[in-house]
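Inside the fold
The residues making up each chain are set out below.
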Amino acid sequence: MTEPILEMRGIEKRFGGVHALRGVDFDLREGEVHALLGENGAGKSTLMNVLAGVIPPERGEIRVKGKVVQFASPREAQASGIATIYQELDLVPGLDITANLFLGHELMRPFAGLDNRRMEREARARMAAAGVDIDVRRKIGDLSIGQRQLVAIAKALSYATRVLIMDEPTAALSAAEAERLFGVVRAMCARGVGIVYISHRLEEVPRVADRVTVMRDGRIVGDEPASAPQARLVNLLVGRPFDQLFPPRAAALGPELLRLERAGFTPAAERAGWQAPRDVSLTVHGGEIVGLAGVMGAGRTELLSALYGAGPPGRWHGSVSVAGRPARLQSIGAARRAGLAFVTDDRRGSGVILRHSVGRNVVMSILRRISPAGFMSPAAEDEATRRSIRNFDIRPPRGDVLVGNLSGGNQQKVVFAKELLREPKLLLLDEPTRGVDVGAKGEIYQRLRALTGQGLGVLVASSELPELVGLCDRIVAMRQGCSVAEFPGGIDEKVLLESATGIAGEAA
Ligand SMILES: Nc1ncnc2c1ncn2[C@@H]1O[C@H](COP(=O)(O)OP(=O)(O)OP(=O)(O)O)[C@@H](O)[C@H]1O
Ligand SMILES: [Mg+2]
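Conventions used here
Residues numbered from 1 in each chain as written. Chains lettered and ligands numbered in written order. Predicted model: local features only at pLDDT ≥ 70, side-chain atom pairs only at ≥ 80, totals over all residues. Heavy atoms only, no water. Helix = DSSP H or I, 4+ residues; strand = E, 2+ residues; numbered from the N terminus. Rg over C-alpha atoms; globule rule 2.2 N^0.38 Å. Buried < 20%, exposed > 50% of the residue type's maximum accessible area, 1.4 Å probe, protein only. Areas by Shrake-Rupley, 256 points an atom, 1.4 Å probe, with all protein chains shown as cover. Lys, Arg positive; Asp, Glu negative; His and termini not counted. Charge placed at Lys NZ, Arg CZ, Asp CG, Glu CD. Salt bridge = Lys/Arg side-chain N within 4 Å of Asp/Glu carboxyl O. Polar contact = N/O pair within 3.5 Å; in protein donor to acceptor, adjacent residues only side chain to side chain. Domains from an automatic or database assignment. Contact = heavy atoms within 4.5 Å. Buried area = accessible area lost by both parts, 1.4 Å probe.

When helices and strands are tallied, the protein chain shows 17 helices and 20 strands. The C-alpha radius of gyration computed for the protein chain amounts to 23 Å, which stays within 12% of the reference 23 Å derived for 508 residues, consistent with globular compactness. Overall, the protein chain is about 70 × 50 × 50 Å in size when its C-alpha atoms are taken along their principal axes. Per-residue burial over the protein chain gives 55% buried out of 508 residues. Surface accessibility of the protein chain: about 21800 Å² in total, with carbon and sulfur atoms responsible for 50%. Side chains of the protein chain give 66 positive and 59 negative charges; the mean places of these two sets differ by 4 Å.

If you walk through the whole model with that rule in mind, you get 28 salt bridges. Two residues, R9 and E7, come together in a salt bridge whose shortest N-O distance is 3.6 Å. A relative accessible area of 35% places R9 in the partly exposed class. Ionic contacts of the salt-bridge type, sharing partners, join the residues D27, R29, E32 and R211 into one network.

Our focus in this paragraph is the side chain of R211. Note that R211 resides in strand β9 (residues 211-216). Overall, the relative accessible area of 12% leaves R211 in the buried class. Polar side-chain contacts of R211 include one of 2.8 Å to the side chain of D27.

Time to look at the domain arrangement of the protein chain. Each assigned domain of the protein chain is listed here: domain 1 (4-238), domain 2 (255-339 + 426-444 + 456-508) and domain 3 (350-423). Averaged C-alpha coordinates put domain 2 and domain 3 at centres separated by 26 Å. Listed by partner, the interface residues are 13 residues for domain 2 and 9 residues for domain 3. Interface area for domain 2 against domain 3, summed over the two sides, is near 830 Å², with a carbon-plus-sulfur share of 65%. Those elements that place two or more of their residues in the side of domain 2 that touches domain 3 are β17 (426-430) and α15 (438-453).

Here it is, written out as structure tokens:
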């Protein structure tokens, strides 16, 4: 094996009372993919933020190619060839793809301002190198989460000459896109770039990584070859044997909650990149979890948001009924009155308010229901907050922490807790466990089953095929805005993937 290009020794970092890194050692060799695993809040992003010059460590040493370095800013780290794809993407929504790719590194013409034409040409080349096909003149704000992820990847690739940090790069990608990304990763390695790969999708580890390091509570707890059995990794991750990820399926079905018959939604004005539901037929009963499978652009997010009245202005056609009656789901208010709740795939955009505390976020969602005057006793607020924290194992277990300071996965748990406090009848979920660790995933699945046991119905879109197959009672495959097939839970992932992509024989 080659010399390490990167060595981190004894890295310490505290945030107030939280000891996020407790003397962490980490290294990376030329051309290798080093997976970094750990539960939500283990310290993975913090360690990488130290490496990327975002957070100064309190103690410890970083060496690049044997030389001690101290990065005072992300720009200094970048200048040393260290590029990062952040977990919460650092793109500017109001600017187009080209402007984002060149932000802070704009190309100029001598004495004549920005060289827009050249930037656009290069932007196209960079996107192509990352295997992405999206018009570079489109605004970030108009892209789906998955598309934004791909832009962030293209952006980082161009600066990564030595080290590329990928913090959950596939969280918002479908199986086919993730596959393409692995191709890009291998090409980067072949050029000698070392890659730190953070993911909660354990099945990716043997496919993309050379070795694995596991963190827990700010410490390294294991160092394994990437071929280590999954059970061993899960054990290291959660610190206890872990047998049952998916709870048993529904025993009995309740009444029909949602029925779509050849339903579609036509936006009043054409929206680029918004795949309108065109022809969807499906049902969801109380007590069951129905999955939506599909590639990016299949229209799953659009279907869920239109059902929730959160799509663009427009009209439904075909038949949509809720609890046996024709429904007009034209606004969020109407959808909520009909008993619907929605956990979106974009926790930054619509899920939670980052600058508010966990307690404030939780309480805001139920204030109206509990008290028409918009007032709750502090004791009732405390109780609701404590219950949410307990039910979803939000860490650290404190209501006064700002959501923006929680780890990515714990932010997701807050979104979940908040929507469920509304006590909906039908829960719409878009990528519900994006960025959630395996232990917490199991807890969320148990929680969902407990609620469906009490009559809740769930319609869930997920890009994680094992999740759809393991969790759902039935799975509807979608393609280009249409439902194309329906399968029972437990179906072979490969069959599902073939149906969702329309391509036979692609590796699952
Ligand atoms: N700016 C901050 N202020 C206060 N606490 C913070 C801050 N950033 C991180 N923390 C805390 O440090 C700990 C480690 O967080 P980190 O984001 O590194 O976790 P992670 O391993 O990346 O988790 P995830 O898988 O959920 O993304 C957590 O307890 C988190 O709440
Ligand atoms: Mg993180």
